[in-house]
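Coordinates in review
Here are the chains, one letter per residue:
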Amino acid sequence: MKKFIISMMLIGSGSLFSQVSVGTQVQENSKWTFGGGIGLGFGSNSSFNLQASPRVGYKLTEDLEGGVIGSVSWQTSNSYKSTMFGVGPFLNYYFGRSFYVGANYQHFFINYKDKYYDYKYNTEENALYLGGGYMQRIGNNSFMQLGLMYNVLWKQNSSVFTSGLIPNIGFVVGL
């Protein structure tokens, strides 16, 4: 079942990102918004990280947006391999199309494999991110978002995440 859900989200996120990247124009009177972010990282011990976080929103008012956000992350190194998958609702409030505050709840499914000891670990974790940031207009109704979020459910000794603080960079079309 997990393979089916992961496959469906990958297909959905791929189609969403392909629409945004080719410059899909959302009509001015549409209340739907689309966007997300992608990330790529390299590190020591041949570590590699690829992440995608597509989102679909709906303008409840001119300054309030709610929707669904997903997250897929693949990490690998000489010693481990990990896949993380999350989904949940978000809510953003915009101030003059220059700043925003937001809340984002996600439920994560984590699959971890230690390559040296052939140890596999599957778990789930909840995260409630609160924060905000700055928005830069990059088109008529397109914006780049730069922000900082904090996972208020993060616990140092029991979380799979190394920190509760998360910087984020993303794009939104349709605001």
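Shown above is the structure to which this text applies.
Criteria and cut-off values
- Residues numbered from 1 in each chain as written.
- Predicted model: local features only at pLDDT ≥ 70, side-chain atom pairs only at ≥ 80, totals over all residues.
- Heavy atoms only, no water.
- Helix = DSSP H or I, 4+ residues; strand = E, 2+ residues; numbered from the N terminus.
- Contact = heavy atoms within 4.5 Å.
- Areas by Shrake-Rupley, 256 points an atom, 1.4 Å probe, with all protein chains shown as cover.
- Pairing = 2+ DSSP bridges.
- Axes fitted to C-alpha atoms, helices over the stretch in contact; angles between N-to-C directions.
- Buried < 20%, exposed > 50% of the residue type's maximum accessible area, 1.4 Å probe, protein only.
- Patch = residues over 30% accessible without salt bridge, like charges linked within 9 Å, V, L, I, M, F, W, Y side chains within 5 Å.
- Salt bridge = Lys/Arg side-chain N within 4 Å of Asp/Glu carboxyl O.

1. Structural notes on the overall build of the protein chain
- Helix and strand counts for the protein chain come out as 1 helix and 8 strands.
- When its helices and strands are written in sequence order, the protein chain yields α-β-β-β-β-β-β-β-β.
- Across the protein chain, every contact between residues at least 6 apart in sequence was considered, and the portion connecting residues at least 24 apart equals 50%.
- Put simply, the protein chain shows about 10,500 Å² of open surface, and 61% of that area lies on carbon and sulfur atoms.

2. Let's talk about the sheet that holds strand 8 (residues 165-173)
- Within the closed barrel, the 8 strands sit side by side as 1-2-3-4-5-6-7-8. Their pairing is antiparallel. Recorded for the sheet is a direction-independent mean angle of 25° between the axes of neighbouring strands.

3. Quick word on the side chain of N151
- Considering the arrangement of structural elements, one finds N151 in strand 7 (residues 142-151).
- According to the relative accessible area criterion, N151 is buried, its value standing at 2%.
- Residue contacts for N151: discarding those within four places in its chain leaves N126, A127, L128, Y129, F161 and G164.

4. Side note on a nonpolar patch on the surface
- Residues Y93, F95, F99, V101, Y134, I138, L146, I169 and F171 make up a contiguous nonpolar surface patch of roughly 830 Å² in combined accessible area.
- For the nonpolar patch, the elements supplying multiple residues, two or more each, are strand 4 (80-95), strand 5 (99-114) and strand 8.
- Along the chain, V101 turns up in strand 5.

5. Topic: the pairing of strand 7
- Bridging between strand 6 (residues 119-137) and strand 7 involves 9 bridges; their strand directions are antiparallel. Looking at strand 7, one finds that G132 is bridged to L148.
- In this antiparallel pair of consecutive strands, strand 6 and strand 7, the connection spans 4 residues.
- Of the strand pairs in this sheet, strand 7 and strand 8 are connected by 9 bridges, and their pairing is antiparallel. Pairing of M144 across the sheet is with F171, part of strand 8.

From the geometry alone we can't say anything about function, so treat these as descriptive.
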